[in-house]
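Analysis of the macromolecular model
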Amino acid sequence: MLGNGVVGILAETCNMWERRAPLTPSHCAHLLLGGGNRTRVNRIIVQPSTKRIHHDAQYEDAGCEISEDLSECGLIIGIKQPKVIFLIKRHADALSDSAM
């Protein structure tokens, strides 16, 4: 259901003041534990952020990995539209194709 089962959470790059997160650490823990059987989330990779309301250590405690590299992710989520330069090429290409 979620691509390859690896979800990425982007660090906010659009608004410097943005502190929100698309998933809380408790949401991540629930998904990683099988959360509802319809999701197939094997890993969650979180880009590090010093601004996010939830600290990186909280995501690690929930079972997430902290890494700048989201290239393994089949699904990448964030709060605001990321700058295309920050997206992995294959994801940027897919975004361009769907806009046509």
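Presented here is an overview of the structure given in this document. (Residues numbered from 1 in each chain as written. Predicted model: local features only at pLDDT ≥ 70, side-chain atom pairs only at ≥ 80, totals over all residues. Heavy atoms only, no water.)

Let us look at the side chain of Asp 56. The topology assignment puts Asp 56 in helix 2 (residues 56-61). A polar atom in the side chain of Asp 56 sits 3.3 Å from the backbone nitrogen of Ser 49. Discounting residues that sit within four places of it in the chain, Asp 56 has contacts with Gln 47, Pro 48, Ser 49 and Ile 66. (Helix = DSSP H or I, 4+ residues; strand = E, 2+ residues; numbered from the N terminus. Polar contact = N/O pair within 3.5 Å; in protein donor to acceptor, adjacent residues only side chain to side chain. Contact = heavy atoms within 4.5 Å.)

Time to look at the sheet that holds strand 3 (residues 65-66). Read across the open sheet, the four strands follow the order 3-2-1-4; overall the sheet is parallel. Pairing within the sheet leaves two strands with one partner each, and these edge strands are strand 3 and strand 4 (75-77). With three bridges joining them, strand 1 (residues 6-9) and strand 4 adopt parallel strand pairing. Paired with Val 7 across the two strands is Leu 75, which belongs to strand 4. (Pairing = 2+ DSSP bridges.)

Purely spatial values, then, with no claim about function.
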